[in-house]
Amino acid sequence: MASTGTAPKTARQRPLSPHIGIYRLTLTMAMSGAHRITGVGLYAGVLLLAWFLLATSTDAANFAVFSGFIHSIIGRIVLFGFTWALFHHLLGGLRHFIWDAGYGMDDPLREQLAQATLVGGIVLTLVVWVIGYAVR
Amino acid sequence: MSEKPSFRTPLGRVRWLGAAHFGTEEAMRLRLTSLALVPLTIAFVWILLTLLAKDYNGARAELSEPLPALLVLMFVLAGVYHMTIGMRSVIVDYLHGAAREWALTANTLFCGALGLACVYAILRIGFV
């Protein structure tokens, strides 16, 4: 068989990009993962929204089933997690807008943005839940 | 990739097999929906807070009003489109081969069904 001048038949040892596991964990890395994980969590959480809307659109009995779940301990924990994921992901998205505009990638600011997203998500969640308990 | 001699160019062999030509559009749509979702999420949380003190009839009455109904509708549409694209990028990062194709299909069908269910429910609250 004539040589075609393309790659040899034997697999070549090509350089691999360094695996995530060899790096020291930094806050910005953890926040990158948290942004994705909260996104996937919200994806599942929209099922809850669909349930709420469908229950409200039908009759009082279906609404009562949803209401019973969301007011239970498990329902409250799930809704609290959903609230936090929503705000964390929202602030993470704002951080992405700042990066897209070309800012916030240098040392002091990127750490401050990561901290602000982490703290801001928790604070906004607590504020909304305090308001929620106050108005109900 | 085949190592057999071929007249096809490297570009011709990968065209339509992956993200080529679609990546920028999808990335911009992710950003466009996320931009819309910033105010819509705040509005959505506000509406949920006002619903907390209400029973079935009260919640129905509020969601029948044009402004809350439209805001929830826009939140659902932007949100479902955003999560379809977001999950798609997660799938192509971690899955390969047939599993990737099935997961991408399931993602599109799931998000489409979920979005339609929410839209149907909002319209039903408003009109039925």
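Residues numbered from 1 in each chain as written. Chains lettered and ligands numbered in written order. Predicted model: local features only at pLDDT ≥ 70, side-chain atom pairs only at ≥ 80, totals over all residues. Heavy atoms only, no water.

Engineer: Before we move on, can you summarise the overall build of chain B with the specific residues and values?
Structural biologist: When you go through chain B residue by residue, the secondary structure sums to five helices and zero strands. Helices (α) and strands (β) of chain B occur, in sequence order from the N terminus, as α-α-α-α-α. Computed over its C-alpha atoms, the radius of gyration of chain B comes to 20 Å, more than 25% above the 14 Å expected for a compact globule of 128 residues. In terms of overall dimensions, chain B has a C-alpha envelope of 70 × 25 × 25 Å along the principal axes. Taking the contacts inside chain B whose residues are at least 6 apart along the sequence as the reference set, 62% of them involve residues at least 24 apart. Total accessible area on chain B stands at roughly 8,000 Å², and carbon and sulfur atoms take up 72% of it. The average position of the 11 basic charges and that of the 8 acidic charges among the side chains of chain B differ by 9 Å. (Helix = DSSP H or I, 4+ residues; strand = E, 2+ residues; numbered from the N terminus. Rg over C-alpha atoms; globule rule 2.2 N^0.38 Å. Contact = heavy atoms within 4.5 Å. Areas by Shrake-Rupley, 256 points an atom, 1.4 Å probe, with all protein chains shown as cover. Lys, Arg positive; Asp, Glu negative; His and termini not counted. Charge placed at Lys NZ, Arg CZ, Asp CG, Glu CD.)

Engineer: Explain the environment of A:Phe97 to me, using residue names and the numbers behind them.
Structural biologist: Looking at the element boundaries, A:Phe97 is found in helix α3 (residues 73-100). Residue contacts for A:Phe97: discarding those within four places in its chain leaves B:Arg31, B:Ser34 and B:Leu35.

Engineer: Explain the interface of chain B and chain A residue by residue, including any values.
Structural biologist: At the interface, 41 residues of chain B touch 32 residues of chain A. Together, the buried faces of chain B and chain A total about 3,100 Å²; carbon and sulfur atoms form 78% of this surface. Of all the secondary structure elements, the ones that give two or more residues to the side of chain B that touches chain A are α2 (23-51), α3 (56-64), α4 (66-94) and α5 (97-127) of chain B. Per-class residue counts for the side of chain B that touches chain A are 30 nonpolar, five polar and six charged. (Buried area = accessible area lost by both parts, 1.4 Å probe. Nonpolar A, V, L, I, M, F, W, Y, C, P; charged D, E, K, R; others polar.)

Engineer: Could you give me a rundown of the packing of α3(A) against α2(B), with the residues and numbers involved?
Structural biologist: α2(B) packs onto α3(A) with a crossing angle of 145 degrees between their chain directions and a minimal axis gap of 10 Å. Between α3(A) and α2(B) lies a crossing whose hand is left-handed. Of the residues in α2(B), those touching α3(A) at A:Leu86, A:Phe87, A:Leu90, A:Leu94, A:Phe97 and A:Asp100 are B:Arg31, B:Ser34, B:Leu35, B:Leu37, B:Val38, B:Thr41 and B:Val45. Taken together, the residues of the contact of α3(A) with α2(B) sort by class into nine nonpolar, two polar and two charged. (Axes fitted to C-alpha atoms, helices over the stretch in contact; angles between N-to-C directions. Left-handed = near helix turned anticlockwise from the far one by under 90°.)

Engineer: Break down the side chain of B:Thr41 for me, citing the residues and quoting the values.
Structural biologist: Residue position: B:Thr41 is located in helix α2. A polar contact of 2.5 Å, which involves the side chain of B:Thr41, links it to the backbone oxygen of B:Leu37. The residues touching B:Thr41, leaving out its near neighbours within four places in the chain, are A:Leu86, A:Leu90 and B:Phe75. (Polar contact = N/O pair within 3.5 Å; in protein donor to acceptor, adjacent residues only side chain to side chain.)

Engineer: Please set out the packing of aromatic side chains residue by residue, giving values where relevant.
Structural biologist: One pass over the structure, following the stated rule, counts eight aromatic pairs over all chains. Ring geometry for A:Tyr43 and B:Phe110: centres 5.4 Å apart, planes at 25 degrees, overall stacked. Here A:Tyr43, found in helix α1 (residues 27-57), pairs with B:Phe110, found in helix α5, and the two come from separate chains. Relative to A:Tyr133, the ring of A:Trp129 has its centre 6.0 Å away and its plane inclined at 50 degrees; by these criteria the two rings are tilted. You can see A:Trp129 and its partner A:Tyr133 sitting in helix α4 (residues 107-135), four residues apart, about one turn around the helix. Classification of A:Tyr133 by relative accessible area gives partly exposed; the value is 43%. Feature note: the residues A:Trp51, A:Phe52, A:Phe66 and A:Phe69 constitute an aromatic cluster, connected by ring pairs. (Phe/Tyr/Trp six-rings, centres within 6.5 Å; stacked < 30°, edge-to-face > 60°. Buried < 20%, exposed > 50% of the residue type's maximum accessible area, 1.4 Å probe, protein only.)

Engineer: Before we move on, can you summarise a nonpolar patch on the surface with the specific residues and values?
Structural biologist: Together, A:Phe80, A:Leu118, A:Val119, A:Ile122, A:Val123, A:Leu126, A:Val127, A:Ile131, A:Val135 and B:Leu52 make up a nonpolar patch on the protein surface, roughly 760 Å² of accessible area in all. Counting residues per element, the nonpolar patch draws most heavily on α4(A), which supplies eight residues. One can find A:Val127 in helix α4. (Patch = residues over 30% accessible without salt bridge, like charges linked within 9 Å, V, L, I, M, F, W, Y side chains within 5 Å. Salt bridge = Lys/Arg side-chain N within 4 Å of Asp/Glu carboxyl O.)

Engineer: Describe the pattern of salt bridges, and please don't skip the residues or the numbers.
Structural biologist: Going through the model one piece at a time under the given rule, you end up with seven salt bridges over all chains. In this structure, B:Arg31 engages A:Asp100 in a salt bridge whose closest nitrogen and oxygen atoms are separated by 2.8 Å. With B:Arg31 in helix α2 and A:Asp100 in helix α3, this pair bridges two chains. Its relative accessible area of 28% is what places B:Arg31 among the partly exposed residues.

Engineer: So what's going on with the state of the cysteines? Residues and values would help.
Structural biologist: Residue and element names in this part refer to chain B. In total, this model carries zero disulfides over all chains according to the counting rule given. Cysteine Cys111 shares no disulfide, and the gap to the nearest cysteine sulfur, in Cys118, comes to 11 Å. Cys118 sits in the buried class, given a relative accessible area of 0%. (Disulfide = S-S within 2.5 Å.)

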